[in-house]
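So you can see what is in the structure, the chains are spelled out below.
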Amino acid sequence: CKLWKPPRASHCMICKRCFERFDHHCPWVGNCVARNNHRFFCGFLACIGVAGLCVPVSLAMALFALNEGPDEWTGPMLALAVLAACTLCWF
């Protein structure tokens with residue numbers, strides 16, 4: 001853009017557009033985070049965070065619902081426990 005831009009405006013080389021109060025280009029969403037969609041981007045991050053926490057919580061609840069010790073777990077239950085441990089380590 002070769003036109004005059006107000007302060008804090010910036011040109012995104014990926015989108016090929018100018019944005020007022022440009023923050024960054026998000027590759028996961030596929031667009032730029034700027035003045036008009038910053039609130040929606042924060043909501044997106046909150047939803048992703050809640051969804052990411054639901055998986056280990058539901059896995060832990062499934063493990064505790066069995067009321068069996070780790071010695072008596074079958075193959076699928078052991079796989080579920082390993083998946084829960086890996087998921088908790090990821091976060």
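Everything quoted here is computed from the prediction, not taken from an experiment.

Before going further, it helps to examine the side chain of Asn37. By the element assignment, Asn37 lies in the loop between β4 (31-33) and α1 (38-65). In terms of polar contacts, Asn37 uses its side chain to reach the backbone carbonyl oxygen of Cys32, at 2.8 Å. With residues near it in sequence (within four places) discarded, Asn37 still touches Asn31 and Cys32.

So, about the packing of aromatic side chains. Inspection of every chain in the model, using the stated rule, returns one aromatic pair. Relative to Phe44, the ring of Phe41 lies with its centre 6.3 Å away and its plane at 35°, an arrangement referred to as tilted. On the criterion of helical spacing, the pair formed by Phe41 and Phe44 is a turn pair, its members being three residues apart in helix α1. For Phe41, a relative accessible area of 13% translates into the label buried. Phe44 gets classed as partly exposed once you look at its relative accessible area, which sits at 34%. We note Arg39 situated over the ring of Phe40; from NZ or CZ to the ring centre the distance is 5.8 Å.

Calculation notes
Residues numbered from 1 in each chain as written. Predicted model: local features only at pLDDT ≥ 70, side-chain atom pairs only at ≥ 80, totals over all residues. Heavy atoms only, no water. Helix = DSSP H or I, 4+ residues; strand = E, 2+ residues; numbered from the N terminus. Polar contact = N/O pair within 3.5 Å; in protein donor to acceptor, adjacent residues only side chain to side chain. Contact = heavy atoms within 4.5 Å. Phe/Tyr/Trp six-rings, centres within 6.5 Å; stacked < 30°, edge-to-face > 60°. Buried < 20%, exposed > 50% of the residue type's maximum accessible area, 1.4 Å probe, protein only. Lys NZ or Arg CZ within 6 Å of the ring centre and 35° of its normal.

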